[in-house]
Structure formats: structure tokens, C-alpha cells
Amino acid sequence: MTEDKVPPTVSVAGGILTCIKPGLTLTANASSGVTYVWSGTDVNGLTTQSVSVDSAGIYTVTVTNTSNGCVASDTAIVSENKVKPTIDLNTIKLTCASPSQTLTATVTNGGTASYAWTVPAGVTNPGNVASFAVTVPGSYSVLVTNAINGCSNSANTVVTQDTLKPVVSLNPITLTCAAPSQTLTVSVTNGGASPSYSWTVPNGVTAPGNVASFAVTATGTYSVEVTNTVNGCKATATTSVTADTAKVKVSLNPIKLTCASPSQTLTTTAVNAGANPTYVWTVPNGVTAPGNVASFAVTAAGNYSVEVTNSSNGCKGTATIAVLADTAKVSVELNPITLTCTSPSQTLTATVTNGGATPAFVWTVPSGAANPGNVSNFIVDKVGFYSVEVTNLTNGCKATATTSVTADTATVTATLNLITLTCASPSKTLKVTVSNGGANPTYVWSVPNGVTNPGNIDSLIVSVGGVYSVEVTNTTSGCKDAATVTVLVDTAKVNVTLNPITLTCDSPIQTLTATVVNGGANPTYVWTVPVGATNPGNNPAATVSIAGLYLVEVTNTLNGCKGIASTTVKSDTNRVTVTLNTINLSCASPAATLLATVKNGGANPKFVWQVPQGVANPGNVASFTISVAGTYSVEVTNLLNGCKGTANTTVSADTSKPILEISERSCAVDFKFYSVKVISNGLITITPPYNVTDNGGGSFTISGIPAGQSVFITATSPTSNCKTTLEVAAPDCNCPSIEPPIGSSQTFC
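About the thresholds
Residues numbered from 1 in each chain as written. Predicted model: local features only at pLDDT ≥ 70, side-chain atom pairs only at ≥ 80, totals over all residues. Heavy atoms only, no water. Pairing = 2+ DSSP bridges. Helix = DSSP H or I, 4+ residues; strand = E, 2+ residues; numbered from the N terminus. Axes fitted to C-alpha atoms, helices over the stretch in contact; angles between N-to-C directions. Buried < 20%, exposed > 50% of the residue type's maximum accessible area, 1.4 Å probe, protein only. Contact = heavy atoms within 4.5 Å. Polar contact = N/O pair within 3.5 Å; in protein donor to acceptor, adjacent residues only side chain to side chain. Disulfide = S-S within 2.5 Å.

Q: Tell me about the sheet that holds strand S63 (residues 723–728), and please be specific about residues and values.
A: An order of S59-S62-S63 is seen for the three strands of this open sheet, with the pairing classed as antiparallel. Strands with a single pairing partner mark the edges of an open sheet, and in this sheet they are strand S59 (683–687) and S63. Each strand of the sheet is rotated relative to its neighbour by a mean of 20 degrees, with strand direction disregarded. With five bridges connecting them, S59 and strand S62 (residues 711–716) associate as antiparallel partners.

The structure is reproduced here in C-alpha cells:
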């Protein structure tokens, strides 16, 4: 005998599971003539040489030599590397200060990573890089793949942009004598919360630094660069500061007064005075200042000076001259006069110096005015130039004076704005518009009864209709005007009615209509409807199919006035219920009344009958007499709401007659009486009445009938009350009796 204990050989290799290679095939390399048994996750008990695994773990294969039963085993270790990369993308906001920034993908567990970028349309894809320069806003994403295990992950970020530039402007400036220093101010939009300012100023001017405005006293070009400190965006503005400061040069003509020329014109000659210079005169005591004039008549010696102002730039110039006289000059003054509405006539007086005891007056007056003659004063009621020549009759010296009598009688015009009070505007401002009312006109109001008078104001709040009037007075001239207006009221209440509706079976859907008075051309409608009903919106009518409370508010869009109406939509759809009485016709009751009992049928319901063939239809009645069995039905209609109900009944009939047969007649022993036996399924009665005995089984005996007397026997059905009657003749009890034939009334002896 030989011995075979050589064990088989076996080996198996493990591996690593990755994202690229999620499964492995484990193959056992063994000597020939063996069987395989595996153990491990998902392979326990498998008997193939190779197995597929997709989980990390320890896998063992055992082989058995089929010839000698010897075994051997080996173990494979399967590990796993499926860790995904983690990615972080930095946040970027592009600005004017940083128009290009680096977008970086910071990766953990990436191994030898590869990068696949997705960039906005129009942006060049950077390729397989971890970072690149970004200049365009939008959505950026990257897919990172670990080249070792093939695992991938992605991240995205939105690159934003803040490159809105400031909008900058500078106010124009012209330096003048009146305003030699002015503020130059930057107006900025989109500058951020705290913009910075960088100024460029003319040579010799100190730069103001980081300020939005500063005082300017020198001409030249000024520019500013404004920077939004949040996003670094900049903008500039430039302005040219000019100057209008040319000095006014003034001269006065020399004058020497004489008796032959007692009045001469003093005239101002001005250079650089502008188009409309102003004149302020200083004249000798006793001389009336001429006011804002370039020249005037001089009749008195002394020093005269004038200050001329260029009204455009405020620059000034002065000149002075001494007016001489070679004789005692007669001087004359005329008082200034301004005619007004309150003083339409005033006294013009010539005040004379050096005129002698009785000077002579020669007046020149405007056309249409009466010349007063040789007087020193007179009443003036016309505007125009008045002059007087005064002659000293002692020395012949003369003097003249002229004045312009003016009038401040410009017609005051006053108007009041038109007002219509409405529900939407129950109060409005009534305002006076005045022309020629002067600086401080006065107002006297007349208002409707019950309204508080507002006093001396030019406007008031009006909330009451009626006639309002105002008298406006120019306090300088006394001139007046009045205006009147009627304040209208458009607050007519909107009246709304809703048609009543009762929903019925005939009309389950109806139209609810708002009828409006004083609603204007295009009123608006706001509905409130029951739960479950469709709101019609801004419409005058609603389709109604649900009972309940409906409300509508109507607004007159012209005056804001409103009206409300509501109605309760009722429902009359109660189902008509009908019952028919049960009828069983019989011989006792061969006819009966069929009655339809109605609920919710209204006052006068309509009846439509269906009757058995051959029976006359009763028509529109609630009941009728029937004598025929069969099925009867009725449809009842409530004529008020159209609702219907039906009922039917089967009328039965029991008219079968009972059996009645004579089975025996027999005489009594004494031959004075006889008896009758009958067979019947009814109840037996006899006429005249005699004793009836129920023998049972449908057999009855009638006894005690006098001999020779016939009787009537009646059988009555206990169910239908139908009857069968036989007349029974008396047997001849004077001879021997034999049983007569059944049903016979003969006597046999």
C-alpha cells in the first residue's frame, strides 16, 4: 500500500478599489485537480476559481485535492482608495482698482490633480491649471480629478463686478465786485459713501485738499478728480472761473449858474458801467436828490457827487463837481407827488429861496391840465412833468424847478381759482392770484354763512360750498379789486340697489345686477360674496348660483363718492316629496280615492298622472277615484320654483267569491224542523237567521229551520268580503225523506 498526503498549492493576489476601478476579479492560482471554496464579503461559499468583488476586505480561498482530500488556502487583501478631492474657490469682486484678479482652486486630497474649467461666454478657457487671471464677471466652475484614484469633485463661484464710475460736475462761477469770493462745489453721483477729491488749481492758488467744495477768489481753470474709495473708479470735471471786475470810470460836466442860465443839466459820463447802471446822487443841502438818473437840472450851487454802479458785476465809480453861481440864485423846489387811488389829487407847491418879496411864477403843465397862472401852489390831478419859472422881480434872476408827478393807480386785478369739492377731496385751498397788489396787499373776505372768516390772508382751506369773495387792496396806492367764485360741491351720494334673487329649480343660476345712481361714467365695483361663490371683480353684475349675503361697494371715480348695497340671495330649491296612499280594492270596497300627499309643493302644485291602460287619466288633480287595479304614478311640480317630486303605488284587488255548496238537508225527528249542511271557505250567514255550527274543515250545519220554510244562505270571504248566496227550499218532512241530490231543492219521498 502507498501513501498520498501531498497537499495542493494555491495563491491569490489582492488589489485596491478606486473610483476608476470600483471592482476587482480575484483569481486563485492552484495545482490541478482541486475544488475551490471562497469566504469573505459577498463571496462566501462560491466555488469558482475566480470571483468578482467591489468591497474592501479580506478574502480567503480554500482548495481541496479531489484525489487525496488534502487542503490548502491563501488570503487576498482588498483595500479602497475612493476619497474625493475637496475644492475651495476664492471669492472675487472686480473693481476699477482691481480689474484683474486671480481665481484659485485650492484642493485637498487631489493627488496629481487635473483641472477642467467652465467659464462665461466670451472668456478664454484657461485649460488644466489651478489658477488664472479673471477680468470678466460671471459664473466660473472647476472639475478637479485625482489622477491616482480617478475620483472627481467640482466647485463653482460667481465673480461679481463693481466698476460703476462716478458722474462729476462743477458749478459755473464768475467773480464780480459784488461777489469776489464764491464757493466751487463738486456734485457727485455714484461716488460711494466717502469719495476722495484731488484738485488741480491755477498757479498761485492753494490746493484745497480732499474736500468737496472751497472758496474761490482767483480766476483760472479748476479741475477735480473724484475717486470712489470702495471700487477705485474715478471721474474728472473741469470749469473755468472768470471775472467781471472792470472798474467804473465816472466824470461830471462843469457847471456855472447865472441868472441867464439859472438852470443847467448836470450829466454823468460813465465807462464800464454796463447796460443799466444805477446812480446815487449826493447834492447840496436844500437840493432835491434826483434819484436814479444819469442827468438832472441843477439850479443851486454847491458840491454834487454821483456813485455809479455796474448792476451786472457790482463794480462802482464816483465823481464830484462843484457847481458855482455868479449871482444870488433864486432857488425853487417842487414837492414830489405820486397820485394814488386814495389821494387822486394833491397840492404841488413851489418853495422859493432868494425870490424876493413877490416873485413871479410861470407854470408849465402837462397837456390837458389847467395852467394855474401866477401862483406858488395848486391842485394837481394829472400825471406828467410840471415846471415853474420863478423870477426875482427885484434882480431879474430866475430859477426853475421841474417835477414829474407820477401815479400809482395801476389797476389791481384779483382772481380766485375754481374749486369743486368732492368726496375724494372734501377740502381744497382757495387762493387769490393778484396783479399790481404791491408788496403787502390786504385781503378782506366774504364767506358763506357758517364759515369762519379767514381774515387778512391770501388763501384758505375751503370745505363748504357757496359764494366766496375777496377785496384786495394795494396798501401803497389804495387801489382795490374784488373777485368772487362759487365753490361747487360734487358729493352726491352714490345710490346702489341690487335686484332680489331667489334661486329655484327652474332658475338655479341668475344674474345679480347693481343698479347705480350718481355713479359717474365709469364707476368701480368691489364685491363681497359668500364662501364658495366666484367674485365677479370690477363688474356691475355677478352670476349667482350660491345663496348667501352679497355686498357691493360702488365708487364714483370722478368724485370719490361711494355707495354700498347688499342683498341676501335666497334659495327655494326644497325637493318636492310625494306619497300615495295604499289601496286594496275588494268586493266591500270596489272603488277608493287615490290621494297624492305633497310636501314643499307650493300653494298650487301641478299634478301629472300615469294610470293603467284603459283607465281615464284624471288630469291636474291631487286625488281621484279608482276602481281598477294596477300601477299608478304621479309627478308633482311646484309652480313657484319648478322643483319636482314623484311617487308611485300599485293598487291591488281581491274580488274572488267564496265556495258555497249544499251537501245535505235532513228533517228533524218530529218533522217540525230541518237542518242543512253546506261546504264553504267563507263565513256563513242565513236569512232569516238560524243557528250555524262550524263543523271544521269548511263544513257548516244550519239547524232549527222550521219545516216548510225556505232560507237564503250566504258565504262571505273573510279577506275580500265577497259573497255567494244560495236559496235553499225546505224539504217535505211529511213523507219519508231521502238524501236529495246535492244542490237540489226538490223533495223526494
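Q: Before we move on, can you summarise the environment of Thr18 with the specific residues and values?
A: Mapped onto the fold, Thr18 is located in strand S2 (residues 15–18). We classify Thr18 as buried; its relative accessible area is 12%. Sequence separation between Thr18 and Tyr59 is 41 residues, and the spatial gap between their C-alpha atoms is 18 Å. When residues no more than four places from it in sequence are discounted, the contact partners of Thr18 are Asn81, Lys82 and Asn149. Here the side chain of Thr18 touches Ile20 through a polar contact of 3.3 Å, landing on its backbone nitrogen. Of note is the side chain of Thr18, whose polar atom sits 2.9 Å from the backbone nitrogen of Lys21.

Q: Explain the state of the cysteines to me, using residue names and the numbers behind them.
A: Going through the model one piece at a time under the given rule, you end up with eight disulfides. A disulfide bridge connects Cys341 with Cys479, and the sulfur atoms are separated by 1.8 Å. Residues Cys341 and Cys479 share a disulfide whose torsion about the S-S bond is about 75 degrees; that sign makes it right-handed. With a gap of 138 residues between them, Cys341 in the loop between strand S30 (338–340) and strand S31 (346–353) and Cys479 in the loop between strand S41 (466–473) and strand S42 (480–490) connect regions that are remote in the sequence. The exposure class of Cys341 is partly exposed, given its relative accessible area of 37%. You can call Cys479 buried: its relative accessible area is 3%. Each sulfur of the disulfide joining Cys423 and Cys561 lies 1.8 Å from the other. Here the S-S torsion is close to 85 degrees, and the disulfide linking Cys423 with Cys561 is therefore right-handed. Placement of Cys423 in the loop between strand S37 (420–422) and strand S38 (428–435) and of Cys561 in the loop between strand S48 (548–555) and strand S49 (562–572) is noted, with a sequence separation of 138 residues between them.

Q: Residue-level account of the sheet that holds strand S27 (residues 302–309), with values.
A: Spatially, S23-S28-S27-S25 is the arrangement adopted by the four strands of the open sheet, whose pairing is mixed. Bordering the open sheet on either side are strand S23 (256–257) and strand S25 (278–282), each of which pairs with just one other strand. Here S27 runs beside strand S28 (residues 316–325); their pairing, made up of eight bridges, is antiparallel. Following the sheet pairing, Asn303 is matched in S28 by Ala322.

Q: Break down unusual backbone geometry for me, citing the residues and quoting the values.
A: Keep in mind that most residues, glycine aside, have a negative phi and that most peptide bonds are trans. Here Thr687 and Pro688 are connected by a cis peptide whose omega angle stands at -10 degrees. The residue Pro688 is located in the loop between S59 and strand S60 (691–696) in this model. One non-glycine residue, Asn109, adopts positive backbone phi at about 65 degrees. Mapped onto the fold, Asn109 is located in the loop between strand S10 (101–108) and strand S11 (113–118). Located in the positive-phi region is Phe671, a residue other than glycine, with phi close to 60 degrees. Counting through the fold element by element, Phe671 comes out in the loop between strand S57 (660–667) and strand S58 (673–680).

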